[in-house]
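Structure at a glance
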Amino acid sequence: MPRPSSEISRRALMTGVSALAVAEGVLSPTDASAAPAAPSVSVGPGDARYAELATGVNKRWAATPEAIRLVASTEQVVQAVTEAVRARKRVSVRSGGHCYADFVHHPDTDVIIDTSALNGIAYDPARNAFAIGAGAQLGQIYEALYKEWGVTIPGGACLTVGIGGHASGGGFGPLTRRFGLVADHIEAVEMVVVDASGRVRTVVASRAPSDPHRDLWWATAGGGGGSFGVITRYWFRSPAATGTTPGLQLPAPPREVLVSLTEIPWSRLDAPSMARLVRNFCAWHVDNGATSSPFISLSGYLLMRQGATGGAALFTQVDGTDPDADRLLADYAAALTAGTGLTASFPSRRVPWLASTKLLGTSSPVLLYDHTLRSAVKTAWLKGSFTDAQLAVMYRHLTRTDYSNPNAVISLNGGGGRTNDTAPDATAVPHRDAALIALYENFWIDRREDDKHLAWLRDLYRESFQDTGGVPVPNDLTGGCYINDPDPDLSDPAWNTSGVPWHTLYWRANYARLQQVKARWDPTDFFRHSQSIRLP
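Below or above, wherever it landed, is the structure these notes cover. Small disclaimer: the values here were computed from a predicted structure and weren't measured. (Residues numbered from 1 in each chain as written. Predicted model: local features only at pLDDT ≥ 70, side-chain atom pairs only at ≥ 80, totals over all residues. Heavy atoms only, no water.)

1. Focus on the overall build of the protein chain
The secondary structure content of the protein chain amounts to 14 helices and 18 strands. Expected size for 536 residues packed as a compact globule is a radius of gyration near 24 Å; at 22 Å, the protein chain falls within 12% of this value. Projected onto the principal axes, the alpha-carbon positions of the protein chain cover approximately 70 × 55 × 45 Å. Taken across its 536 residues, the protein chain has 60% of its residues classed as buried. Within the structure as shown, the protein chain displays about 19400 Å² of accessible surface, and the carbon and sulfur contribution to it stands at 53%. For the protein chain, the distance from the average position of its 49 positive side-chain charges to the average position of its 51 negative side-chain charges is 1 Å. (Helix = DSSP H or I, 4+ residues; strand = E, 2+ residues; numbered from the N terminus. Rg over C-alpha atoms; globule rule 2.2 N^0.38 Å. Buried < 20%, exposed > 50% of the residue type's maximum accessible area, 1.4 Å probe, protein only. Areas by Shrake-Rupley, 256 points an atom, 1.4 Å probe, with all protein chains shown as cover. Lys, Arg positive; Asp, Glu negative; His and termini not counted. Charge placed at Lys NZ, Arg CZ, Asp CG, Glu CD.)

2. Re the nonpolar core
Formed by 113 residues in total, the largest nonpolar core has its most connected members in Ile163, Phe236, Val278, Met304, Phe386 and Tyr440. Counting residues per element, this core draws most heavily on helix α8 (residues 271–287), at seven residues. Both of domain 1 (40–253) and domain 2 (256–508) provide at least three residues apiece to this core. Contact partners of Ile163, with chain neighbours within four places excluded, come to Ser95, Ile132, Gly133, Ala134, Ala136, Leu138, Ile141, Ile153, Ser168, Val182, Tyr234 and Phe236. (Core = buried A, V, L, I, M, F, W, Y, C linked by side-chain atoms within 4.5 Å. Domains from an automatic or database assignment. Contact = heavy atoms within 4.5 Å.)

3. Re unusual backbone geometry
Despite not being glycine, Arg88 has its phi angle at roughly 55°, a positive value. Mapped onto the elements, Arg88 comes out in the loop between α3 (74–86) and β5 (91–94). Even without glycine at this site, Arg508 takes up a positive phi of about 50°. Locating Arg508 in the fold gives a position in the loop between α13 (502–507) and α14 (511–521).

4. Some details on the packing of α8 against helix α9 (residues 325–337)
Look at α8 against α9: their axes get within 7 Å of each other, and the N-to-C directions meet at 130°. Taken together, the axes of α8 and α9 are oblique relative to one another. Contact residues: α8 offers Leu277, Asn280, Phe281, Trp284 and His285, while α9 offers Tyr332, Ala335, Leu336 and Thr337. Across the contact of α8 with α9, the residue classes break down as six nonpolar, three polar and no charged. (Axes fitted to C-alpha atoms, helices over the stretch in contact; angles between N-to-C directions. Parallel < 35°, antiparallel > 145°, perpendicular 65-115°, else oblique. Nonpolar A, V, L, I, M, F, W, Y, C, P; charged D, E, K, R; others polar.)

Here it is as structure tokens:
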């Protein structure tokens, strides 16, 4: 029988910015720094803080920059970028520091611009939108928006992720089926850019059809970070919002949620029952992917841990104010366990919504290792279920006895819903036809074990998609990969033998348009990393 867990965790499932309105358009360097800005804090190699600030959460990647600039205002960003342009220094940009790849922390970085102090959160009546600094973390945002205005954004569960990168890559979480991606709620973005002559400017681009800079807004809503400039703040407002009441400009989360975490050890799952459980999970999300589904307020995750102490964990969240919440959870449990031999009962409890974000986002044992954590991830957008061959590969690698790591996981995250009501070219996010997303993740601590843990992940992924060159190429079954969980191997022909380039896996047909935006707003390729948008 599945055993209930007493705690629910994300990984167990495995100032700065002023809120005053800025006129749409481009501010010249003179305008942007009309009042002399206090200098930003600059941390160099001789500073005691340097070693910690020269890397992020993922310790696989580290840089040796000449300086880390801790900026606390848009003017300080302009100043830092201007100095880097004049000195011909290469910059990278950090918000929360949760990057799986070397986009920020790489050997060629001369200056890291750290926007974590740009964390202001306020309502801007001039835009009828919420102004949020690029360095604000998800936990701060959820708490501020909900306590002050009773609203939220449908973001992820890890509370220390910075909004700068999270929103620019799409951003999804437990409320996404109901309310869409975080990127779908971007009303406008403020960004520091560099033109062809090296002039540093501050741009505000919005989704208003009349905005001459709308293309930059479009690219920011899903094009990923680090390709066009330094994002300093966003304004968030739902596309269908009306009026001027702050509490009506973003989604209101449920007052309480019904949450369930059921764990199933490998001793209760053999290859056929695990395969049936995964098929059921995928089929349920295909069948209930429309916003008209009575299950639209239900969010489900299936995580499978590697090794003898692992197994499967099913996390479910339902709007607790729905009078049918208990029945919806029971019906979901019955659908997922059908034909598996498992008991169709998911123990649950009701939790206030804001408390649930903290419970899910902070109780992870993996987070205890944030200062030493090393990690890698691979992703696949799925339009349906896995094949029999893929399920066999999955089970074999999860139950291997020659390798053991309970923090090596496959996580299936339910999608569809409001996300798929948006056209694939309405924002830079093209994956509007997926029912769910699969994350293949591995976490470890010892750098001497890098090869071992990467080998498990790479073998699992390549064998899972061996019929399409080792990657989930866009076709009738799969839709590519997720830029917010970047994978350097997609650029390596040793691991991607499909002939489909990494940028097609991330952006499909939207890439050519992203290149045109790049040419307009970053014509010298000043802002770049290993998988940034390339100039056309």
